[in-house]
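# Descriptive analysis of the structure
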Amino acid sequence: MSATRGRSGGGATTSGCGLKRRNAPQDQEDSKMINQDQPSTEDWCGRFWNGMELLKDVTEKKHFLPTGLEGIDTLLGGGLRQGQLTEITGPSSSGKTQVCLHCASNIAAKQMGVVMYLDTSNSFSPSRVATIIYGISDLFGQRGFELQPKDARLKSVMRSIICESVFDIFALFEVLHQLEVSLLNDKVNNGGSKVCLLVIDSISSLLAPIIGGKYPQGRSMMISVAVILKKLADEHNLSVLRTFNLFRMPSSNNSYRMPSSNKVTNHMVSAGNGAVKPALGESWKAVPHVRLMLSHECQNNICTATVLKHTLMASGRTAKFAAPS
Amino acid sequence: MANMPVSEMRLPPHLAYLLAARRLDTAKDVLSLPEVELMAVLDAGVPTARAAVAHVSEAACPPCQTALALLEERVRLGGGGRLATTLCGLDEALGGGIPMGKLTEVVGPSGIGKTQFCLKLALLAALPEYYGGLDGRVVYIDTESKFSSRRMIEIGQKSFPQIFRQEGLAQKMAGRILVMRPASLADFTKSLEQMKVTLLQHDVKLLIVDSMAALMSLGNEKATAGFRQHPLRWALSFLKSIAEFSRIPVVVTNQVRSQSNDDGYHFSFEVDRKDGNNCAERFDSHLIAALGIQWAHAVTVRLVFESHSGHRFIKVAKSPMSPAVAFPFAVESSGITLLSDEGIDVTGPEITSIRCQGQNILSR
Amino acid sequence: MSYTGSAPASSSLYWKGMESSGDPHPPILAGAQNAWDMLSDEQSQKHITTGSGDLNNILGGGIHCKEVTEIGGVPGVGKTQLGIQLAINVQIPVEYGGLGGKAVYIDTEGSFMVERVYQIAEGCISDILEHFPHSHGKSSSGQKQLQPEHFLADIYYFRICSYTEQIAAINYLEKFLGEHKDVRIVIIDSVTFHFRQDFDDLALRTRVLSGLSLKLMKIAKAFNLAVVLLNQVTTKFTEGSFQLTLALGDSWSHSCTNRLILYWNGNDRYAYLDKSPSLPVASAPYAVTGKGVRDAASSNHKRVRVT
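The shown structure was predicted, so the numbers you read here are calculated from the model rather than taken from an experiment. Within each chain, residue numbers correspond to sequence positions counted from 1 in written order. To label them, take the chains in the order written and letter them from A, then take the ligands in the order written and number them from 1. Local features in a predicted model are, by the rule used here, given only for residues with pLDDT of at least 70; side-chain atom pairs are given and counted only at 80 or more, and totals for whole chains, interfaces and linings are based on all residues.

Strands here are runs of E lasting at least two residues and helices are runs of H or I lasting at least four, both read from the DSSP assignment and numbered beginning at the N terminus. Regarding its fold elements, chain A presents 11 helices and 15 strands. In chain A, buried positions account for 41% of the 325 residues. By definition, residues are in contact whenever their C-beta atoms, placed on the basis of the backbone, come within 7 Å of each other. Looking at chain A alone, contacts between residues at least 24 apart form 67% of all its contacts between residues at least 6 apart. To sort residues by exposure, count the other C-beta atoms lying within 10 Å of each residue's C-beta; 20 or more gives buried, 12 or fewer gives exposed, and values between give partly exposed, all with C-beta atoms placed from the backbone.

Okay, structure coming up:
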């Protein structure tokens, strides 16, 4: 039971797609003796871990980040796991952006770290975030907050949420690359608060223009994004939260049945077989570690969340909760 | 502008060469591709693809005008851009008459007077300007063979007796009206395409299609609903472009069909109100316009002809210029006349509903 | 003249600002802002009034800049009226509480009737003069004179006849807006018309539309203006019956920041806020009068017929 992980040490260089090459000081003497100029395999593949080390790493470092919405936290067994990719899907207006905003506000308010919010539809609303933060009741009784006036407390909390708008896939690659670089620098300098949560709302808007044509570049870019996100999550102890959009085919019944077709690139079926289908096809479903689906009824204000995939628990559990006001 | 060739666009040489080499010859070819696919076709990087798209877009984009320039142009063309119908109340409500350059729809149950209305309009367009007409030719596309020249001359003699007493004038007026009777949808599309050229040559000032719904059902008995949409869409955009291009009014008549229970016509957030409305109107047969909601969106002005409470009404159901009013009318030997020039204000969605008392009109 | 598609300098770096204010979090990304700065920006933003107080309330003050708002409704309910009203209201001078900006109106259906625009401009001016009686028809320091012709002169009109031209116009907007920096609203009426008709390959249509919507989002953010998209409705068979829904399907429904649906409720026109990141769903009545879009309750102005 062993696993390999790409590790980065000091002075690592990056190539265009984010792969790193490690300079491992302790191996250089060995390799000098064997062959001077050829790097050994271990330079590339990284260190092997055994099961006990992995378990220790997981229990000590990979914590749960609570979202602040009780229903979802219980469903997820505590919240968003560090080192994992969590995805929220659902049709339009089902509450995905609200969950993201709640999550970002909660983590910033509890001072767990810096939140990076990548927004593709100009939906990041600072006033909404401020309202949520005010609503977190036990915030202002904590840790040295008593002395500061309310505005200054809000200011310091909101300053740890950083928002950037991305409007195409290339900009996303650029942003993720910069993020990686700055995380590495932080690791080296060991200073300041680190980014602990990365939110992308919503990834499917960026991927929709590139998926589905007869050229394969779109799919390969989609896979690259997935690889980079997972790597970031793993190496830097981030939680990554993503939303993507479902849409509904004309159906005779209203059930959210998962599609049986295997067409990856076709996200507009011609005649309804009655299913809600993820906008990006089958191959995307395998990417995140945890998948949640939200739905929202118009008449009452109840949101329903269903676990579609989870690494630790059985899927299919649902929770209903009142939509956050 | 969509088919503007790339060669005419004066692009930087390396871009022009690249696009030509990849067989992207018109603006439409270049712009219909999403960015990533364009990059793949051109085998170029992001900056090149974006530069190509930006240059092509700038060339293909229609020129910009300010609204003030539009207004001045309208004023300069004179006449307020309207064809007066001589029904005073209606003309006032529509801001002078049937607008030029836009698509006007006349919808109502059969036998209510749509064709009479069209005949009158045709006559008015043919009259010399001295008498308030447009002094031009009229193209009348008659799909149901309802056009009767005798009736038109009768209308002319009764409405403008002083004009028609002159010898030969009646014949001259009738001669200005070109009637076409397409046997099928293909016929119709072919003649429309030819018409675009002849419109300007022959100084046509009005185009009437009577009726559009019959035309759609002419060629498509066996077609599925999906296919039926395509000729409709094509005809729609073509008629609109003819109207705007030649600055003439285009009048189209539409039929009605009965409304089935499934036509709920509510949004999802209005679900609980569905049952309340249907009870009150069960006595009048419930009719809606044929050709669907997409057609309803596309016309600029919609005149609904209906009958209830023993009278017939013309309702201005959709118009950017006018409030929702209804005028009672009657069909006489001199054509349509309004019984009252003061319209009745109609509030609410009733303006778009069509009622016909007495008979149950079934769809054709 | 570079067309690399990168956002212009208005989404500028905040390095200097963050360092000088003693920000404990060193800047991680160029071009990113923290939520506190965005909050202060947002609070100083003005909203574009719709003309009806109730409608403004459910929208949180009016149409927001930097956001894409979609407005849909059945034919005849007043979408074009609202679009024209917004094109006029954005021009209300700053001293009267407006934005003092210009408008771009992209017309795909041909429903823009100039006489009606003139009427609405007159209505807006008469309301301004009613509220600010000392202006005497000319605002201070010789800025925009309160004449309908001036309002019309500040609306840039594009007439689009096919989807190719629509794509070209939206792409060209980036350059156009760079040259006309005082445009504060872009209205597209209606965004779906040509795409519903002429596009046969539905999958390609989805890709092209998603690309367009991202471009519009980018324009809204980069040039700090409001983008308003008017949309048609179609019927869809869901949940056992036909329901009304906005055109172009579910894939398009994610492409806006806010969505407003206009519908009939009895004899009144209502607006329903269906999607918003910061506001709850709500309905409000409104009316269309001779002067334009106004409140429903107080509409003792009937629509005057144009002579």
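Back to the text.
What follows is about the overall build of chain B. In terms of helices and strands, chain B carries 15 helices and 16 strands. Counting every position in chain B, which comprises 364 residues, the buried fraction comes to 46%. In chain B, the proportion of contacts linking residues at least 24 apart, taken out of those at least 6 apart, comes to 69%.

Moving on to the packing of helix 5 (residues 96-109) of chain A against helix 6 (residues 126-135) of chain A. Residue and element names in this part refer to chain A. Orientation is described by lines fitted to C-alpha atoms, with helices fitted over the stretch in contact, and by angles between N-to-C directions that extend from 0 to 180 degrees. Following both chains from N to C, one finds helix 5 and helix 6 inclined at 55°, their axes separated by 9 Å at the closest point. On the basis of their axis angle, the class for helix 5 and helix 6 is oblique. Taken as a pair, helix 5 and helix 6 cross one another with a handedness that is right-handed. On the side of helix 5, the interface is formed by L101, H102, A104, S105 and A109, while helix 6 contributes R128, V129, I132 and I133. The nonpolar class holds Ala, Val, Leu, Ile, Met, Phe, Trp, Tyr, Cys and Pro. Asp, Glu, Lys and Arg form the charged class, and all remaining residues, Gly among them, are polar. Taken together, the residues of the contact of helix 5 with helix 6 break down into 6 nonpolar, 2 polar and 1 charged. In these notes the angle categories are as follows: under 35 degrees is roughly parallel, over 145 is roughly antiparallel, 65 to 115 is roughly perpendicular, and the rest is oblique. Crossings are assigned a handedness: left-handed for a near helix turned anticlockwise from the far helix by less than a right angle, right-handed for a clockwise turn.

Turning to unusual backbone geometry, a few remarks are in order. Glycine aside, negative phi is the norm for most residues, and most peptide bonds take the trans geometry. Looking along the chain, the bond that leaves D201 of chain A and enters S202 of chain A is cis, with omega of 0°. Along the chain, the position of S202 of chain A falls in the loop between strand 10 (195-201) and helix 9 (203-207). That bond from D189 of chain C to S190 of chain C is cis: its omega, -15°, falls within 30 degrees of zero. With a phi angle near 50°, N122 of chain A is a residue other than glycine that sits in the positive phi range. Examined against the element boundaries, N122 of chain A turns out to sit in the loop between strand 8 (114-119) and helix 6. In this model, N224 of chain C sits at a positive phi of 55°, which is unusual for a non-glycine residue. Relative to the elements of secondary structure, N224 of chain C occurs in the loop between helix 9 (202-223) and strand 6 (226-231).

What follows is about the interface of chain B and chain A. Each partner contributes to the interface: chain B provides 8 residues, whereas chain A provides 8 residues. If one sorts the elements of the side of chain B that touches chain A by residue count, helix 3 (residues 35-42) of chain B sits on top with 4 residues. Split by residue class, the side of chain B that touches chain A holds 5 nonpolar, 1 polar and 2 charged.

Turning our eyes to something else, we now look at the pairing of strand 9 (residues 258-265) of chain C. Residues and elements named next belong to chain C. Strand 9 sits mainly inside the fold: 7 of its 8 residues count as buried. When DSSP finds two or more bridges between two strands, those strands count as paired. Both strand 2 (residues 68-73) and strand 9 contribute to a ladder of 5 bridges, which runs parallel. Along strand 9, the bridge assignment pairs T69 with N258. As defined by bridge partners, strand 9 adjoins strand 10 (residues 268-275) across 7 bridges and the pair is classed as antiparallel. Along strand 10, the bridge assignment pairs Y263 with Y270. Between strand 9 and strand 10, which pair antiparallel and follow one another directly, the connecting turn spans 2 residues, one of which, G266, has a positive phi of 70°.

The extent of an interface is frequently quoted as the accessible surface area lost upon association of the parts. Taken residue by residue, the interface counts 58 residues in chain C and 60 residues in chain B. It is helix 7 (residues 163-179) of chain C that provides the largest number of residues to the side of chain C that touches chain B, a total of 8 residues. Its residues assigned to classes, the side of chain C that touches chain B comprises 27 nonpolar, 19 polar and 12 charged. Pairing of strand 1 (residues 65-66) of chain B with strand 4 (residues 155-159) of chain C, which is carried by 2 bridges, proceeds in the antiparallel orientation. Bridge pairing links Q65 of chain B to Y157 of chain C in strand 4 of chain C.

Further remarks concern the sheet that holds strand 3 (residues 102-107) of chain C. Remark on secondary structure: sheet strands pair via backbone hydrogen bonds, oriented parallel or antiparallel. Strand order in the open sheet formed by 10 strands is 1(B)-4(C)-3(C)-5(C)-6(C)-2(C)-9(C)-10(C)-11(C)-12(C), and the pairing between neighbours is mixed. The open sheet has two edge strands with one neighbour each: strand 1 of chain B together with strand 12 (292-294) of chain C. Of the strands in this sheet, strand 2, strand 3, strand 4, strand 5 (183-189), strand 6, strand 9, strand 11 (282-289) and strand 12 of chain C are in contact with helix 4 (residues 79-89) of chain C, which crosses strand 5 of chain C at around 165°.

Residues and elements named next belong to chain B. With 83% of its residues at a pLDDT of 70 or more, chain B has an overall mean of 76. Scored from 0 to 100, pLDDT reflects the predictor's confidence in each residue. With pLDDT under 50 throughout, residues 221-228 is counted as low confidence; its partners more than four residues away or in other chains account for 3 contacts. Per-residue pLDDT stays below 50 along residues 272-285; that stretch engages in 11 contacts with residues further than four places along the chain or on separate chains. Among the prediction metrics, the complex's ipTM stands at 0.79, with pTM recorded as 0.80.

This next bit is on the nonpolar core. Grouped together as the largest cluster of nonpolar side chains are 186 residues, with contacts concentrated most on A104, V115, L197 and V199 of chain A together with I185 of chain C. Among the elements that make up this core, the one with the highest residue count is helix 9 of chain C (10 residues). Aside from chain neighbours lying at most four places away, what touches A104 of chain A is V115, Y117, V129, I161, L197 and V199 of chain A. Membership of the second largest hydrophobic core comes to 75 residues, among which are A125, Y140, I155 and W295 of chain B. For this entry, the nonpolar core is defined as buried Ala, Val, Leu, Ile, Met, Phe, Trp, Tyr and Cys residues connected by C-beta atoms within 7 Å.

The subject of this paragraph is helix 4 of chain C. Across the 11 residues that make up helix 4 of chain C, a large majority, 11, are buried. Those residues of helix 4 of chain C not exposed but buried are K79, T80, Q81, L82, G83, I84, Q85, L86, A87, I88 and N89 of chain C.

All names here are of chain B. Assignment of secondary structure puts T189 in helix 11 (residues 185-201). Residue classification places T189 among the partly exposed positions, given that 17 C-beta atoms sit within 10 Å. For the pair formed by T189 and I248, sequence separation is 59 residues and the distance between their alpha carbons is 19 Å.

Residue and element names in this part refer to chain C. Among the structural elements, L273 can be located in strand 10. Judged by C-beta crowding, with 20 C-beta atoms within 10 Å, L273 ranks as buried. Distance in space between the C-alpha atoms of L273 and A203 is 29 Å, their sequence separation being 70 residues. Residue contacts for L273: discarding those within four places in its chain leaves I58, L59, L260, L279, V281 and A282.

This part covers the environment of V290 of chain A. In this fold, V290 of chain A is placed in strand 13 (residues 290-296). V290 of chain A sits 205 residues away from L85 of chain A along the chain, and the two C-alpha atoms are 6.5 Å apart.

All names here are of chain C. Among the 7 residues in strand 5, 7 count as buried, and that is most of the element. Both strand 3 and strand 5 contribute to a ladder of 6 bridges, which runs parallel. When the bridges of strand 5 are listed, I106 appears paired with I188. The pairing of strand 5 with strand 6 spans 5 bridges and is parallel. Across the sheet, residue I187 finds its bridge partner in strand 6, namely V228.

The next thing to look at is the packing of helix 5 (residues 67-77) of chain B against helix 5 (residues 114-131) of chain C. Packing of helix 5 of chain B against helix 5 of chain C brings their axes to within 9 Å, and their N-to-C directions diverge by 120°. Accordingly, the angle class assigned to the pair helix 5 of chain B and helix 5 of chain C is oblique. Judged by the twist between their axes, the crossing of helix 5 of chain B over helix 5 of chain C is left-handed. Together, A67, L70, L71 and R74 of chain B of helix 5 of chain B and V114, V117 and Y118 of chain C of helix 5 of chain C make up the contact between the two elements.

Residue and element names in this part refer to chain A. Taken as a whole, chain A shows an average pLDDT of 70; of its residues, 62% reach a score of 70 or greater. Under a pLDDT of 50 for its full length, residues 1-26 has, in the predicted model, 46 contacts with residues more than four places off or in other chains. Across residues 248-276, where pLDDT falls below 50, the model places 46 contacts with residues more than four positions away in sequence or in other chains.

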